[in-house]
Amino acid sequence: MTKDLQFPIAKLNPTNLKKFGTTRVDNYFWLNDRENPEVIAYLNQENDYYNTMTAHTKDFQHSLFEEMKARIKEDDSSVPYFYNGYFYITRFETGKGYPIYARKKGSLTAAEEILFDCNKMAEGHAYFKLGGLSVSENNKFISFAMDTVGRRIYTVQIKDLETDRILPDKIENVTGSSLWANDNSTIFYTKQDTVTLRSDKVFKHKLNTDVVDDILVFEETDDTFDVSIGKEKSRKYIVIASGSTLTNEFRIVNADTPDAEFKIFQKRIRGLEYSISHYEDHFYILTNKDKATNFKLMKTPENATEKKHWKEVIMHREDVLLEEIEIFKNFLVLEERSNGLNRIRIQSWDGSTDYYLPFDSETYSAYSTTNLDFDTDILRYSYQSLATPASIIDFNMKTKVKTVLKEQQVLGGKFDKENYVEERVWATAEDGVKVPISMIYRKGLKKDSSNPLLLYAYGSYGVTMDAYFSSTRLSLLDRGFVYAIAHVRGGEDLGRDWYEDGKLLKKKNTFSDYITCSKYVINQQYTSPEHLYAEGGSAGGLLMGVVANWAPELYNGMIAQVPFVDVMTTMLDDTIPLTTGEYDEWGNPNKKEYFEYMLSYSPYDNVKKQDYPNMYVSTGLHDSQVQYWEPAKWVARLRQNKTTEKLLFLDTNMDAGHGGASGRFEALKELAKEFSFLLDLEKIKI
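So, here's what we can say about the structure. Computed from a predicted structure; not experimentally measured. (Residues numbered from 1 in each chain as written. Predicted model: local features only at pLDDT ≥ 70, side-chain atom pairs only at ≥ 80, totals over all residues. Heavy atoms only, no water.)

Spatially, the four strands line up as an open sheet ordered E3-E4-E5-E6, and their pairing is antiparallel. Since the sheet does not close on itself, it has two edges, and those belong to strand E3 (81–83) and strand E6 (112–117), each with one partner. Recorded for the sheet is a direction-independent mean angle of 30° between the axes of neighbouring strands. Pairing of E3 with strand E4 (residues 86–91) involves three bridges; the strand directions are antiparallel. Along E4, the bridge assignment pairs Phe82 with Phe87. (Pairing = 2+ DSSP bridges. Helix = DSSP H or I, 4+ residues; strand = E, 2+ residues; numbered from the N terminus. Axes fitted to C-alpha atoms, helices over the stretch in contact; angles between N-to-C directions.)

Counted according to the given criterion, the structure contains 50 salt bridges. With a shortest N-O distance of 3.2 Å, Asp605 and Arg24 are connected by a salt bridge. Here Asp605 is found in the loop between helix H10 (592–601) and strand E37 (614–620), whereas its partner Arg24 is found in strand E2 (residues 22–26), with 581 residues between them in sequence. Neither Asp605 nor Arg24 differs from the other in exposure class; each is buried. Between Arg345 and Asp354 there is a salt bridge, and its shortest N-O distance comes to 2.9 Å. Among the residues examined, Arg345 registers a relative accessible area of 14% and is labelled buried. Using a relative accessible area of 43% as the deciding quantity, one classes Asp354 as partly exposed. In the salt-bridge network here, residues are joined through shared partners; they are Glu273, Glu492, Arg496, Glu500 and Lys503. (Salt bridge = Lys/Arg side-chain N within 4 Å of Asp/Glu carboxyl O. Buried < 20%, exposed > 50% of the residue type's maximum accessible area, 1.4 Å probe, protein only.)

A few words on the packing of aromatic side chains. Across all of its chains, the model carries 41 aromatic pairs by this definition. Connected via pairs of aromatic rings, a cluster forms that spans Tyr237, Phe250, Phe265, Tyr274, Phe283 and Trp310. The lysine or arginine in question, Lys233, covers the ring of Phe328, its NZ or CZ lying 3.8 Å from the ring centre. (Phe/Tyr/Trp six-rings, centres within 6.5 Å; stacked < 30°, edge-to-face > 60°. Lys NZ or Arg CZ within 6 Å of the ring centre and 35° of its normal.)

Spelled out as structure tokens, the structure:
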């Protein structure tokens, strides 16, 4: 390792940022300009520094990449699903990095019809993403969306499936989401604000007409809300959804009459959350109405949708979070969460059946997957655990017969789940709350504090981090690592209150919970500060930034992926994508109470002279979620303040956005960088 190589030094250009009598001096505000050649030059210098400092690991990175790739079945395909007369399949071919989308009419033995070969479509592009596929009711047309930058700005086009010809209709600079009305000639799509990228408009397009004549159907003027468009499983209604962190509002129109006016389902009321599912002549509503913190199920006639007509179907329960519902002709499926674990409950509409699917592990996740067919008794769901590869299962809700359609293959002949131990343990937080930790490691591990342990967490937006299987993770486990997930507050792992206790003016619980979990695995001698590593991305990168400031002595290394670390500057700039819609998550810093609280933990603003862990920080130049300049500024300030020669790397993907590189295996190269960073610190090789 080249210890004496000079790291990049970003120039100091102080900008004074004033609010509520507080002046923040931002020496690196100038990095907030993607078009500035000096900015690009600085990012390239950081990339060169990273590449030079890690040159001795390049062969190792390649070996890790090949090792992880070798476990993955290259000529793989999805489990086909049936919809409107066709079986739809996504498959990969050996040596190719992008999917092929296909369908077969009526039977899996029918001739294959290629819808899209993304390998051909991606040629000539450093980044390529296909999304928003929607097939017309008569199966003749498919709308699709392409992003070739990585900023989640798409172009929607239409393909004639009978002639295999792309139609001249071309809708540019949109979100990528589109769907067909039942007349086979009307498409609804969503468009975003050109500056903030907030999805705020729904348009209607008629087949074979000029896009300039498209009709604005709905515009969301509240900048804390965004908009999406969907179709009910019954295919009777098209739905416009407006949503913020705390509030929902829906508009519906009969899919047979797309030129009719959309009707408001229930006007927005701040704090009222609800979602709708159509069945026969009723809508079923999942809602927090009447202080149902963990949500309850209600229903209402389709011609009387205001909340005064809603009737309770399943009552609110203090210890069970009702997360999702799935409606079939004969059954209602409920996805619940109790004590941090998924449960799938099946009820028949006639009341004769009510039971739960049995799951044994404490480190698993189970959830319904693609269930587009309304008139079936088959529930398709997925099951996996930290040690059990993901399975796609068809379950006959009437006969209770389970059919495993596919289990993720781990190639190479070396994997056996019996070689691993799964655990769920509980760490006690400062306020007495018990925080669950899911972990996995090789059998025979000794608790002597010498084991390297990677502790992952997210902890925001009510996102639940369920235990899941990863074949790539085996590259760490088989080299002696313990892998653990800290289910910190801010997620919804233990119910809605778990989320509420980790947001707004309680956000610091997320950070202190993670530190509690870190101390627990150290005290229980799974690891030690010399061998403990922290990992988080996006809002989980915020967690990394705070923890690095609060408790750097607990970690030997840290991985921060596209980290949200410049909280104050971002949340005070309403031109940045996501900002205004985030006020209900972090708080509105234009209010003094929130400004002061957010400033007290904002990672960038609280960097100080101290010994920071070894750090690998990644970002994407075109990131639309967390702008590249947040990690860039953070690293620059860390360089200015850290008191030791521990490693600090900023690795910017100059061709990608928030999701990283496109292509099936390109992401493995990014993962190989992270793993080599950890393994090099541990002096562990092949």
